[in-house]
Amino acid sequence: MAKGVWIIAEQRDGALRKISFELASAARKLADQLGDEVGAILLGSGVENLAAQLGKYGVDKVFVGDSPALEPYITEAHAAAAAKIIKENSPAIVLLGASVQGKDLAARLAGKLATGLATDCTDVKIADGKLVAIRPMYAGKCFGEVVTSASPQMASLRPNVFAMAENAKAAAVTKFDPAIDAASIKSKVLEVQKDTSGKVDLTEANVIVAGGRGMKGPEGFQILEELAEVLKGCVGASRAAVDAGWKLQKDQVGQTGKVVSPNLYIACGISGAIQHLAGMSSSKYIVAINKDAEAPIFTKADYGVVDDLFKVVPELTSACKKLVG
Amino acid sequence: MNIIACVKQVPDTEAQIKVKADGSGIEDGQIKWVMNPYDEYGVEEALRLKEKNGGEVTIVSVGPARAMETIRTALAMGADKGVHVSDPALDNADAYVTASALAAVIKGMPYDIILCGQRAIDDDSGQVGPMLAELLGIPQLTLVTKLEFTGSSVKVIRPIEGAQLSIETALPCVVTAQKGLNEPRYASLPGIMKAKKKPVDVKNAAALGISTDAKTKVAKTIPPPARPPGKIICGDEPAQKAAEVARLLREEAKVI
Ligand SMILES: Cc1cc2nc3c(=O)[nH]c(=O)nc-3n(C[C@H](O)[C@H](O)[C@H](O)COP(=O)(O)OP(=O)(O)OC[C@H]3O[C@@H](n4cnc5c(N)ncnc54)[C@H](O)[C@@H]3O)c2cc1C
Ligand SMILES: Nc1ncnc2c1ncn2[C@@H]1O[C@H](COP(=O)(O)O)[C@@H](O)[C@H]1O
């Protein structure tokens, strides 16, 4: 019988990513309901020392696959290693992050294990001893409760949605041989070009200040940078602003950009087209600043200001500065 | 070069989605159907590869009879031929079944590169590309924004959180497209006329010899959680409104 709730931890450059702790915390809750253990797969080269950190968030056992072939991340190598240890232990549930890497690995692995996968879930629960994965569909216009009949039941969880909860466990380490056949690896990472801005990715940001066509031009974004600086957040953009060349593609929020879930999303000069809402409506709090009282963004906003953003945003920056120091 | 582009027909992004009262799915009567926007990037890239390197572009789609329109759209953009897998047994196909059907079709033809969208905007699952690659036993490169064909391999740019990767992969492989890869062309009028005469092979599930038993089921479809009604912040001066927003974010929402 398949037993246990497992996660596949995500690390980069020898550090666990935040999503790994979100996964561990979510897995712990599910495992407690089932009376099961939480297992974690940790893959990379020289990563064994990271196992203890997973224990802090409720992981009982860590299965470490260590090999130079697992660094940097290559789909075929990671999928092969994860599939091997999963087949040997048959966990009932396997959770990954819906990060770029997590989504890439999850779908390949589900294919390898001939099982089902629910992508980018915003909630997970147990009903009748099985995982029920709740996920937005049609760009968040409805939600589906997904049940997988095959084993393991797999789901990838949207970053920034699941709370991290400390819950110290032993995190007993088992090393396994990932047994990667070098000949089966057809891809090679030639270059990694790091973003030097020092900012986290939009998908991992707690605060996003986003601008649209109402910013009038690339210079307009400067006032958003200043507000983001005070709130320790990142600047995002609508497609109109990206297509105009004011911001980069990586900054685009929406159906053909990124799906984000910050605690706070401040939309400035963005009308709130349905394709934009698709990317940000799972934000916890939404502020809209727009001079058009009829703009659809106000239907999603917790706090709306109908006024000229060029007047409001600098005032908001100084008001926030006073409060957050 | 033998290039394959997988396309799915999906509701237009503007479509209102209404959940059926019994939660068994969505009302699909009033929907306008279009090519998945990410597949437009895939088809465009396929056409550019062919224009530069010669060869043929084949469109493959799994879907009901209406999906033929989307295949014709891709043919009108310039693709050469199509395969339409159409079978009521596939109405509840999940990613695994869809990938199995695509793999069964593609196994029977020559291929160097397969383009998919990074995700379909109806199920938003982003699984079919990687599953297809797995079932064919070939590598995958997902979420690609730049693709270069070298003769025997492809080099791509793949943005990840906080970095851009440059990756090289041997052919054949599956590439999934996202915005930034190219600007998809529109079908021209002569293109639309020509597309009517291009061959489309229609197949059913039995001809492919695949299992149509889905691994996942959407047990219940529910409307999105309602957001509590928002507050419009009143005041005479921008400074006053800004101060009130800051106060609410601090004291009520507790997010700053
Ligand atoms: C297939 C498809 C995919 C798409 N994907 C995306 C996507 O991923 N992301 C996305 O954002 N869009 C996407 N779009 C585009 C979307 O439909 C809208 O065109 C776009 O979101 C509009 O951007 P905007 O709100 O910045 O511009 P507009 O709609 O032009 O809105 C500008 C707003 O700024 C306000 N404004 C102007 N000046 C000021 C001022 N001084 N002070 C205050 N307010 C001011 C105006 O009142 C207006 O509401 C997509 C469209 C399609 C068809
Ligand atoms: N029914 C289908 N027919 C053809 N291609 C599909 C189908 N479903 C998905 N795809 C391809 O796989 C991509 C990802 O889809 P999905 O995994 O459903 O989000 C799409 O952009 C298409 O390229």
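Residues numbered from 1 in each chain as written. Chains lettered and ligands numbered in written order. Predicted model: local features only at pLDDT ≥ 70, side-chain atom pairs only at ≥ 80, totals over all residues. Heavy atoms only, no water.

Describing the interface of chain B and chain A
So, point 1. Chain B puts 75 residues into the contact, and the matching count from chain A is 84 residues.
So, point 2. Carbon and sulfur atoms make up 57% of the area that chain B and chain A hide from each other, which totals about 6900 Å².
So, point 3. Together, Glu161, Lys179 and Arg227 of chain B form the three largest contributors to the area buried by chain B at its contact with chain A, with a combined 13%.
So, point 4. Applying the counting criterion to the chain B and chain A interface returns 8 salt bridges.
So, point 5. With its nearest N and O atoms 3.9 Å apart, the salt bridge here joins Arg158 of chain B to Asp104 of chain A.
So, point 6. Here chain B is connected to chain A by 50 residue pairs in polar contact (both at pLDDT 80 or more).
So, point 7. Of all the secondary structure elements, the ones that give two or more residues to the side of chain B that touches chain A are α1 (37–53), α4 (128–136), β7 (140–144), β9 (153–160), β10 (163–170), β13 (216–222), β14 (231–232) and α7 (238–251) of chain B.
So, point 8. If you tally residues by element for the side of chain B that touches chain A, the top one is α7 of chain B, at 11 residues. (Contact = heavy atoms within 4.5 Å. Buried area = accessible area lost by both parts, 1.4 Å probe. Salt bridge = Lys/Arg side-chain N within 4 Å of Asp/Glu carboxyl O. Polar contact = N/O pair within 3.5 Å; in protein donor to acceptor, adjacent residues only side chain to side chain. Helix = DSSP H or I, 4+ residues; strand = E, 2+ residues; numbered from the N terminus.)

Some details on the confidence of the model for chain B
Segments scoring low in pLDDT should not have their predicted coordinates read at a detailed level.
So, point 1. Taken residue by residue, chain B gives an average pLDDT of 97. The fraction at 70 or more is 100%.
So, point 2. At the level of chain-chain contacts, confidence expressed as ipTM amounts to 0.97, with global pTM at 0.97. (pLDDT = per-residue confidence, 0-100.)

Some details on the packing of helix α3 (residues 75–89) of chain A against helix α4 (residues 100–112) of chain A
Residues and elements named next belong to chain A.
So, point 1. Packing of α3 against α4 brings their axes to within 9 Å, and their N-to-C directions diverge by 50°. On the basis of their axis angle, the class for α3 and α4 is oblique. In the crossing of α3 with α4, the sense of the turn from one axis to the other is right-handed. Contacts between α3 and α4 involve Thr75, His78, Ala79, Ala80, Ala82, Ala83 and Ile86 from the first element and Asp104, Leu105, Arg108, Leu109 and Lys112 from the second.
So, point 2. For the contact of α3 with α4, a count of residues per class yields 7 nonpolar, 2 polar and 3 charged. (Axes fitted to C-alpha atoms, helices over the stretch in contact; angles between N-to-C directions. Parallel < 35°, antiparallel > 145°, perpendicular 65-115°, else oblique. Left-handed = near helix turned anticlockwise from the far one by under 90°. Nonpolar A, V, L, I, M, F, W, Y, C, P; charged D, E, K, R; others polar.)

Here's the deal with the site of ligand 2
All names here are of chain B.
So, point 1. Taken together, 19 residues form the shell around ligand 2, and within it Asp39, Val62, Ala120, Gly126 and Gln127 come nearest.
So, point 2. In this structure, Asn36 approaches ligand 2 through a side-chain N or O atom, which is 3.0 Å from an oxygen atom.
So, point 3. When ligand 2 sits alone it has 470 Å² of accessible area, and the protein chains cover 98% of it.
So, point 4. Mapped by element, the contributors of at least two residues to the shell around ligand 2 are β4 (56–62), α3 (95–107) and β6 (113–117).
So, point 5. A total of 3 residues in the shell around ligand 2 trace back to one element, the largest contributor, which is β4.
So, point 6. Of the residues in the shell around ligand 2, the class split is 8 nonpolar, 7 polar and 4 charged. (Near = heavy atom within 4 Å. Areas by Shrake-Rupley, 256 points an atom, 1.4 Å probe, with all protein chains shown as cover.)

Let's talk about the packing of aromatic side chains
Residue and element names in this part refer to chain A.
So, point 1. In this structure the tally under the stated criterion is 4 aromatic pairs over all chains.
So, point 2. Measuring from centroid to centroid gives 4.8 Å for Phe21 and Tyr57, while their planes differ by 40°, and the two rings are tilted. Note that Phe21 is positioned in helix α1 (residues 18–34) and Tyr57 in the loop between α2 (51–56) and β5 (61–66), a separation of 36 residues in sequence. Per residue, the accessibility class of Phe21 equals that of Tyr57, and both read buried.
So, point 3. Measuring from ring centre to ring centre gives 6.4 Å for Tyr285 and Tyr303, while their planes differ by 10°; the resulting arrangement is stacked. Placement of the pair is Tyr285 in strand β17 (residues 285–290) and Tyr303 in strand β18 (residues 303–306), with a sequence separation of 18 residues. (Phe/Tyr/Trp six-rings, centres within 6.5 Å; stacked < 30°, edge-to-face > 60°. Buried < 20%, exposed > 50% of the residue type's maximum accessible area, 1.4 Å probe, protein only.)

A few points about the site of ligand 1
So, point 1. Near ligand 1 lie 28 residues; those nearest to it are Arg213, Ser238, Gln252, Thr256 and Ser271 of chain A.
So, point 2. Around ligand 1, the neighbouring residues derive from chains A and B rather than from a single chain.
So, point 3. A distance of 2.9 Å separates an oxygen atom of ligand 1 from a polar atom in the backbone of Arg239 of chain A.
So, point 4. With respect to ligand 1, the side chain of Gln252 of chain A contributes an N or O atom lying 2.7 Å from an oxygen atom.
So, point 5. Protein chains shield 79% of the accessible area of ligand 1, which is 990 Å² for the free molecule.
So, point 6. Of all elements in the fold, only α6 (239–243), α7 (274–280) and α8 (309–324) of chain A reach the threshold of two or more residues within the shell around ligand 1.
So, point 7. Among the residues forming the shell around ligand 1, the class breakdown is 7 nonpolar, 14 polar and 7 charged.

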